[in-house]
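Descriptive analysis of the structure
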Amino acid sequence: MFFKKAKPIWISNEENVKNILVSFQAVINYNVGRVVINVAADACYRLEINDQICSHGPARCGKGTWRVDEIDVTSALKQGENKINISVLNYGAVSYEYVMQNPFLQAEVFCNDRTVIYTGVTGGFVAKRNLSRERVTERYSYQRPFLEVWHLPIVYSEPLKIVESDDKKLTKRYAPYPEFEEECPVSCVSLGNVEYVEDDIYPNTMPLESVEIENFSFPIENIAPIYRKTMRSIRNNYSCIVNKAYEESCLLKKNEFIILEFEKEKTGFIKCQIEASEKSTLYFIFDEILVDDDVAPFRHYPNMANIIPITVENGHYIFTSFDPKSMKYLKIVCAEGAAEIKPCLIKFENPDAYRAEFECDDKSLKRIFDAAVNTFSQNAVDIFMDCPSRERAGWLCDSFFTARAEKELTGENNVEKGFLENFFIADGFDNNIPFGMLPMCYPSNQFSSQFIPNWAMFAVLELEEYFERTNDGEMLKKAKDCMYNLSDYFSKFENSDGLLENLESWVFVEWSRANDWVQNINFPTNMLYYAMLMAMSRLYDDNALLKKAKELKRKICTLSFNGKFFRDHMVKTENGKYETPEDITEVCQYYAFFTGVADAESYGELLEIIVNDFGPGGKCREKYEYIYPANAFIGNYLRLEILAKTGHRNKIYGEIKSYFDYMALRTGTLWENDSPKASCNHGFASHAVRFIFRDCLGINKIDETRKTVELNHDYSSPQNAYAVIPMKNGKITVSVKNEKRTVKIEGNYKLINS
């Protein structure tokens, strides 16, 4: 039981108010003992003790259920009186980041397991609206809710009437708790002056409001100013590139700016000490990369409003933003007045990401490992996310790869457990996706009426791997209805050959030309469907699905393979007949081997081409001009998996450096695409740690059920390396000296050979 006395509460008559920040305040007199605060909330909350962040949550959950954070705050307390402030933000808008539900807070303060303060009409909390966070603002991005705009000092309303609401369905949090460490900039990139230019060189391409989508935004006529427009109008009138170590503080006068650089891209909350000598306006503009030596997010990824405007009265303030933001570069512009500033970033990341260790004499490989860890830590705080910036959304398929990284880095799959469970315990999904289909990302609102059938197939593949990693039979039971509803949904699209034809919505293969040929019959999709059916047949001992899968594989091979390559699609002509165009992509060949449709025994010649003639940099075009290259997501990852699976690990060592090192060098993270035109911090890319541990060090598989560690001997390692790989109840230490490997195990595990 999470609560003894606490009830869900909100302020009277404010359930439907958009973008409202409510502060629930209490005072605890502390002497001695362990103090724990349990918190459930919607949409998100921040717990502060004496103005210091102790928690920011909760861990997101499926619709109709909420996870409870259980936070030990003993170390944050001082003797005597302590201020507790739980700020709850209700966006009241649809997004990919949260499921839109009614706001509430349920919290209880325990001292040595005895209730001392709790939410309720008479439980000791006072509710006040935070009046300093601007309520009517534009959206931050299409996928995330509203932009933060602040006025300092912080001002609260008078105490408001608290009302209790119906009991909530509650469950536990599995993810670890962030530690909120501070990260300071390492250098000053440039200083200078700005001017404001009214032009349309960088027009806004994101809808600021939507008639079709309910609860998308505020009416545009009510929003002023439009800060993404302000951000686009800023031009550097004079800029001095300095690239020197950053001093602790900086004085900015009107129209002056400074660009600061962090060691690598990080996600968290901007914290800034501000000393204003007069009323001032500051713009905090941030991004993952520099464009022409400037922080210009509208030139990197134009749909995000990477700006936090703050107006301050004369005085001293310590400001901390509320929503997580991602950045390697921070540009601070003084638009009005003058202020001395001292900024840093409070990191919002998964601390378990740093359990694993890796050192080697190859600086490139070490950089990639560190970048993968950094990427994972920011994209696995409470669920697996695609990116911690643009969306913060729990995408399927991405999660398939991130889950593998979680096991390698943490020894467990706690985040994955919550991520998968969210789909299976949800009180239904949005009505605009068909029954049986899984949302492409969740918890979220599917307000675009779009879904990706391929990603639902990946959910089945991930469920099977999750079961292999954890032996969590309860999850299989929770998932069973969803799995068979999904299978029934797909069966409606099977043609007379058993192939899926004319699938609905966004049929997605990868970010390449492969996405141009997804209709009428797309073979990579059908290959994935084969893998899904095989996984379900194994999970639920279903011979009927096994038989269907085998027949599907036979048809794919007959109709797609032209004797040398698998072709991407079949089309239905005007006379009703089917034709198979010679449209061939690199990634289609990878899907064939990854899913098991093709194997080395039956398609040895094609495998040799894949191994020797395909690879980084669009190598396939050198010999086969008609083949379209793969992209990072997901073709490059499938390629490396195939090399490992088919006995060609010797190529992986070199290829992962070609695929990833330029990313690690530029941002200290791994990217969504093979160029920085989109997200430069994407969760699935942390899968690179698997390539390092499995293929460069030879730790093939950890079986927590059988308590075995399987080694492979065709690994290709640096000359000297050292690694510590955590397990659920132990750890593996790998040492390579002059290419000779030594493996030691702590815990009740047995070493076996693959």
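So, here's what we can say about the structure.

How each quantity is defined
- Residues numbered from 1 in each chain as written.
- Predicted model: local features only at pLDDT ≥ 70, side-chain atom pairs only at ≥ 80, totals over all residues.
- Heavy atoms only, no water.
- Salt bridge = Lys/Arg side-chain N within 4 Å of Asp/Glu carboxyl O.
- Helix = DSSP H or I, 4+ residues; strand = E, 2+ residues; numbered from the N terminus.
- Buried < 20%, exposed > 50% of the residue type's maximum accessible area, 1.4 Å probe, protein only.
- Phe/Tyr/Trp six-rings, centres within 6.5 Å; stacked < 30°, edge-to-face > 60°.
- Lys NZ or Arg CZ within 6 Å of the ring centre and 35° of its normal.
- Core = buried A, V, L, I, M, F, W, Y, C linked by side-chain atoms within 4.5 Å.
- Contact = heavy atoms within 4.5 Å.
- Expected span 1.5 Å × (residues − 1).
- Bend = angle between axes of the 7 residues up to and from the residue.
- Polar contact = N/O pair within 3.5 Å; in protein donor to acceptor, adjacent residues only side chain to side chain.
- Pairing = 2+ DSSP bridges.
- Axes fitted to C-alpha atoms, helices over the stretch in contact; angles between N-to-C directions.

1. Focus on the pattern of salt bridges
It is possible for side chains of opposite charge to pair when their charged atoms get near one another. Considering all chains together, one arrives at 55 salt bridges under this definition. For the salt bridge of R690 with E408, the shortest nitrogen-to-oxygen distance reads 3.5 Å. Here E408 lies in helix α4 (residues 398-410) and R690 lies in helix α15 (residues 688-696), a separation of 282 residues in the sequence. Across the pair, E408 and R690 agree in class, each one buried.

2. Regarding the packing of aromatic side chains
Within a pair of aromatic rings, the relevant descriptors are the distance that separates the centres and the angle that separates the planes. This model, assessed by the stated rule, comprises 53 aromatic pairs. Arranged with centres 5.3 Å apart and planes meeting at 50 degrees, the rings of F358 and F369 form a pair that is tilted. Of this pair, F358 sits in strand β24 (residues 357-360) while F369 sits in helix α3 (residues 363-379), placing them eleven residues apart in sequence. On the basis of relative accessible area, F358 is assigned to the buried category, the value being 1%. The ring of W66 has K168 lying over it, and the distance from NZ or CZ to the ring centre is 5.4 Å. Over the face of the ring belonging to F104 we find K168, whose NZ or CZ atom lies 5.0 Å from the ring centre.

3. Points about the nonpolar core
The biggest cluster of nonpolar side chains holds 156 residues, and the ones touching the most others in it are F358, F458, M483, F490, F566 and F660. Residue contributions to this core peak at twelve residues, all from helix α8 (residues 523-539). Among residues more than four places away in sequence, those in contact with F490 are M437, P453, M457, L500, L503, Y529 and M532. Listed in part, the 64 residues of the second largest apolar core include M206, A296, V312 and F319.

4. A closer look at helix α7 (residues 473-491)
For α7, which comprises 19 residues, the first-to-last C-alpha distance of 26 Å matches the rise-based estimate of 27 Å (1.5 Å per residue) to within 8%. Where α7 bends most, the angle comes to about 45 degrees, and this point is A479. Taken as a whole, α7 has its buried residues at M475, L476, A479, C482, M483, L486, S487, Y489 and F490. Residues of α7 that are buried in the fold lie against α5 (414-425), α6 (453-470), α8 and α9 (543-560). A distance of 3.3 Å separates the backbone nitrogen of E474 from a side-chain oxygen at the start of α7, and that oxygen is part of D472.

5. Side note on unusual backbone geometry
In this structure, A43 follows D42 across a cis peptide bond, with omega equal to 5 degrees. Within the secondary structure, A43 is located in the loop between β3 (35-42) and β4 (44-49). In this chain, Y442 is followed by P443 through a cis amide linkage whose omega measures 5 degrees. By the element assignment, P443 lies in the loop between α5 and α6. Despite not being glycine, N243 has its phi angle at roughly 45 degrees, a positive value. Turning to its location among the elements, N243 is positioned in strand β16 (residues 234-245).

6. Looking at the sheet that holds strand β33 (residues 730-737)
With antiparallel pairing, four strands are arranged side by side in an open sheet as β24-β32-β33-β34. Edge positions in the sheet fall to β24 and β34 (740-746), since each has one partner strand and no second. On average, adjacent strands in this sheet sit at an angle of 15 degrees to one another, irrespective of strand direction. The sheet contact formed by β24 and strand β32 (residues 721-727) spans four bridges and is antiparallel. If you follow F358 over to β32, its bridge partner there is A723.

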